[in-house]
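Okay, here's what each chain looks like letter by letter:
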Amino acid sequence: MQLFFVSFAPDRKYACMEKILTLRPELAEIVDFMKTLQDSICHGLEEVDGKATFQEDVWNREAGGGGRTRLIQDGNLFEKGGVNFSHVHGPMPEVITGKLNLPQ
């Protein structure tokens, strides 16, 4: 498996994408990586915009998992945008399994 990390450095005009190689990461490591990636993207976009900051809504899924929804709006550069993360698990609703032709 190959993972990539996007970093926004103050002395760089654009994001730097660095490849991180991991053969078999644990689920918790992947979740932490994705949350860190979301943090990095949001921080970089706030710096680029110069005015607006992200508002965060942390949510939980009753059947398992949850996520973080982040919204930026009314900035110098961004009218409205979002950077979201979700990690959900549990039984898949029958409506979805039927549409995807998956076994129940």
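Everything numeric here is computed off the predicted structure, so don't read it as measured data.

Visitor: How should the pairing of strand β4 (residues 65-73) be read in this particular structure?
Guide: By the bridge criterion, six bridges tie strand β3 (residues 55-60) to β4 in an arrangement that is antiparallel. Residue pairing for β4: Val-58 is matched across the bridge by Arg-68. Between β3 and the antiparallel strand that follows it, β4, lie four residues; Gly-64 among them carries a positive phi value of about 140 degrees. Bridge count for β4 against strand β5 (residues 80-88) is nine bridges, and the pairing is antiparallel. Bridge pairing in β5 links Thr-69 to Asn-84. Counting the residues that bridge the hairpin from β4 to β5 gives six residues, and of these Asp-74 lies at a positive phi of roughly 55 degrees.

Visitor: Any chance you could explain the nonpolar core here in plain terms?
Guide: Judged by nonpolar contacts, Cys-42, Ala-52, Phe-54, Ile-72 and Val-83 together constitute the single largest core of five residues. Residues in contact with Phe-54, not counting those within four places in the same chain, are Cys-42, Leu-45, Glu-46, Arg-70, Leu-71, Ile-72, Gly-81 and Val-83.

Visitor: Just to check I follow, could you spell out the environment of Ile-72 for this structure?
Guide: Inspection of the secondary structure puts Ile-72 in strand β4. Considering only alpha carbons, one finds Ile-72 and Gln-55, 17 residues apart in sequence, at a separation of 6.4 Å. Leaving out residues up to four positions away in the same chain, Ile-72 has contacts with Glu-46, Ala-52, Thr-53, Phe-54, Phe-78, Glu-79, Lys-80 and Gly-81.

Visitor: Looking at this model, I keep getting lost on helix α1 (residues 27-49). Mind explaining?
Guide: One turn of an α-helix holds 3.6 residues; hence residues three or four places apart share an orientation. Relative to the 33 Å expected for 23 residues at 1.5 Å per residue, α1 spans 33 Å between its end C-alpha atoms, a close match to the ideal helical length. Taken residue by residue, α1 has Val-31, Phe-33, Leu-37, Gln-38, Ser-40, Cys-42, Gly-44 and Asp-49 as its buried positions. After α1 finishes, the residue Gly-50 shows a positive phi value of roughly 80 degrees.

Parameters and conventions
Residues numbered from 1 in each chain as written. Predicted model: local features only at pLDDT ≥ 70, side-chain atom pairs only at ≥ 80, totals over all residues. Heavy atoms only, no water. Pairing = 2+ DSSP bridges. Helix = DSSP H or I, 4+ residues; strand = E, 2+ residues; numbered from the N terminus. Core = buried A, V, L, I, M, F, W, Y, C linked by side-chain atoms within 4.5 Å. Buried < 20%, exposed > 50% of the residue type's maximum accessible area, 1.4 Å probe, protein only. Contact = heavy atoms within 4.5 Å. Expected span 1.5 Å × (residues − 1).

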